[in-house]
Amino acid sequence: MAKRILTALIGAAVMGIGTQAASATTLGDVKAKGFLQCGVNTGLTGFASPDASGNWSGFDVDYCKAIAAAIFGDATKVKYTPTSAKDRFPALQSGEVDVLARNTTWTINRDTALGFNFRAVNYYDGQGFMVRKSLNVKSALELSGAAVCVQTGTTTELNLADYFKANNLQYNPVVFEKLEEVNAAYDAGRCDVYTTDQSGLYSLRLTLAAPDDHIILPEIISKEPLGPAVRQGDDQWFDIVSWVHYALVGAEDFGITQANVEEMKKSTNPDIQRFLGVEADTKIGTDLGLENDWAVKIIKAVGNYGEIFDRNIGAASPLKIERGLNALWSKGGIQYAPPVR
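Residues numbered from 1 in each chain as written. Predicted model: local features only at pLDDT ≥ 70, side-chain atom pairs only at ≥ 80, totals over all residues. Heavy atoms only, no water.

Caption draft 1: Quick look at helix 2 (residues 26–33). When helix 2 is considered as a whole, its buried residues turn out to be Thr 26, Leu 27 and Val 30. In an axial view of helix 2, the angular spread of the buried residues amounts to 100 degrees, which keeps them on one side of the axis. Where the residues of helix 2 are buried, they touch strand 1 (36–41), helix 3 (59–72), strand 14 (230–231) and helix 9 (235–254). Following helix 2 by one or two positions, Gly 34 has its phi on the positive side, about 90 degrees. (Buried < 20%, exposed > 50% of the residue type's maximum accessible area, 1.4 Å probe, protein only. Helix = DSSP H or I, 4+ residues; strand = E, 2+ residues; numbered from the N terminus. Arc of directions from axis to C-beta. Contact = heavy atoms within 4.5 Å.)

Below is the structure:
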């Protein structure tokens, strides 16, 4: 009898804990502490990197700012947690960060076994290879026998093994946990090849001692849909993070920019009125748990998707990465926002 009572008490306690956890919301927690805790890269030029004063900037950083702007109307209400490829997932699982905006690939394992939710792909990428021009290599198929620098704990490491096996090529992996270690090893000549997402290669090449001595090979060996991740179990938070991306893409599609957003509030286009929260009786914000002008706050803070892309990694940046698949659906790409209605 005593054993049954003890079992029942333990069960009730577990149920109580579960009920308490389910009743809590990430949005409520973020509002209560007064800032968003955003997991980012430890330092990847164009995506997330701090300056000498500790001020963060980059493509992923702007997504953190956009989420904060949607919630608080203030893009500065963010604290950044630098995470390595190895510790980024425990940081999200444990609640150390509210959202992971760290050039992270959406995979079935991460979407299921690790307990994360992905939806919005903010950068369609693919894995590539960088080599020294002195190797006189024009294709990844010429890399048999090469020493390849790669970061452990990433899809990059798995894709590398698959590609070389599928093409009957031999290679010697030179593996490191931290991105900085991989960079230093390649720059020092400890390996012939550097492999990671192609966007990352453009970024990392700028940090090398002689950037012009290196080329990025044409092959893309994987699909790498990158985007923000959140923990499972909080649909409202999942919706907010997803719709922040869709608002950025939608703004570009409508021609709404950081400079003209106030003027565009006067538009007679009902889709734009609804999107900017000026349509009478709209609930586009309150249904998310935000103010109806949440999209206006985002655009005022960081601009639209195209503006974020261009200044951090595109034509107006040192990386000068072309939009490619990340162009709007109407301009040859696949970036597309669902309707706001």
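Here the narrative resumes, following the displayed structure.
Caption draft 2: Structural detail: the sheet that holds strand 5 (residues 99–100). Taken in spatial order, the three strands line up as 4-1-5 in an open sheet, and their pairing is parallel. In this open sheet, the two strands that pair with only one neighbour each are strand 4 (78–83) and strand 5. In this structure, strand 1 lies alongside strand 4, joined through six bridges in parallel fashion. Looking at the pairing, Cys 38 lines up with Tyr 80 of strand 4. (Pairing = 2+ DSSP bridges.)

Caption draft 3: Expanded view of the domain arrangement of the protein chain. Considered domain by domain, the protein chain is made up of domain 1 (1–125 + 224–256 + 299–341) and domain 2 (127–222). Of note, the centres of domain 1 and domain 2, computed from C-alpha atoms alone, are 27 Å apart. Domain 1 puts 21 residues into the contact, and the matching count from domain 2 is 20 residues. Of the roughly 1500 Å² buried between domain 1 and domain 2 on both sides combined, carbon and sulfur atoms contribute 53%. The tally of links between domain 1 and domain 2 comes to six residue pairs in polar contact (both at pLDDT 80 or more). (Domains from an automatic or database assignment. Buried area = accessible area lost by both parts, 1.4 Å probe. Polar contact = N/O pair within 3.5 Å; in protein donor to acceptor, adjacent residues only side chain to side chain.)

Caption draft 4: Structural detail: the packing of aromatic side chains. Tallying each qualifying case throughout the model produces 19 aromatic pairs. On the basis of an interplanar angle of 85 degrees and a centroid distance of 6.2 Å, the ring pair of Phe 59 and Tyr 123 is categorised as edge-to-face. Taken as a pair, Phe 59 in helix 3 and Tyr 123 in strand 7 (residues 123–125) lie far apart in primary sequence, 64 residues in all. Judged by its relative accessible area of 5%, Tyr 123 falls in the buried class. (Phe/Tyr/Trp six-rings, centres within 6.5 Å; stacked < 30°, edge-to-face > 60°.)

Caption draft 5: View of the state of the cysteines. Taken as a whole, this structure holds two disulfides when the rule is applied. Here Cys 38 pairs with Cys 64 through a disulfide, and the sulfurs are 2.0 Å apart. Handedness of the Cys 38-Cys 64 disulfide follows from its S-S torsion of about -70 degrees: it is left-handed. Here Cys 38, found in strand 1, pairs with Cys 64, found in helix 3; they are 26 residues apart in sequence, far enough to count as distant. The same class applies to Cys 38 and to Cys 64, which are both buried. Bridging Cys 149 to Cys 191, the disulfide has an S-S length of 1.8 Å. Here the disulfide of Cys 149 and Cys 191 is left-handed, its torsion about the S-S bond being about -95 degrees. Taken together, the residues Cys 149 in strand 9 (residues 146–151) and Cys 191 in the loop between helix 7 (179–187) and strand 11 (193–197) connect sequence positions 42 residues apart. Relative accessible area serves as the criterion here: at 0%, Cys 149 is assigned to the buried category. Taking only the cysteines that form disulfides and numbering them from first to last, the protein chain has the pattern 1-2, 3-4. (Disulfide = S-S within 2.5 Å.)

Caption draft 6: Fine view of the environment of Tyr 80. Relative to the assigned elements, Tyr 80 resides in strand 4. Here the alpha-carbon distance between Tyr 80 and Asn 172, two residues 92 residues apart in the chain, equals 35 Å. With sequence-adjacent residues up to four places away left out, Tyr 80 is seen in contact with Gln 37, Cys 38, Val 40, Trp 56, Val 61, Cys 64 and Lys 65.

Caption draft 7: Structural detail: the packing of helix 9 against helix 13 (residues 305–312). Across the interface, helix 9 lies against helix 13 with an axial gap of 6 Å and an inter-helix angle of 95 degrees. One way to sum up the angle between helix 9 and helix 13 is to call them roughly perpendicular. Counted together, His 245, Leu 248, Val 249 and Glu 252 of helix 9 and Tyr 305, Gly 306 and Ile 308 of helix 13 form the full contact between these two elements. Its residues placed into classes, the contact of helix 9 with helix 13 shows four nonpolar, two polar and one charged. (Axes fitted to C-alpha atoms, helices over the stretch in contact; angles between N-to-C directions. Parallel < 35°, antiparallel > 145°, perpendicular 65-115°, else oblique. Nonpolar A, V, L, I, M, F, W, Y, C, P; charged D, E, K, R; others polar.)

Caption draft 8: Broad picture of the sheet that holds strand 10 (residues 171–176). If you walk across this open sheet you meet the five strands as 10-9-11-8-12, and the pairing is mixed. The open sheet is flanked by strand 10 and strand 12 (214–216), the only strands paired with a single partner. Strand-to-strand twist of the sheet, defined as the mean angle between neighbouring strand axes without regard to direction, takes the value 30 degrees. Bridge analysis of strand 8 (residues 127–132) against strand 12 gives three bridges, and the strand direction is antiparallel. Residue pairing across strands places Val 131 opposite Ile 215, the latter belonging to strand 12.

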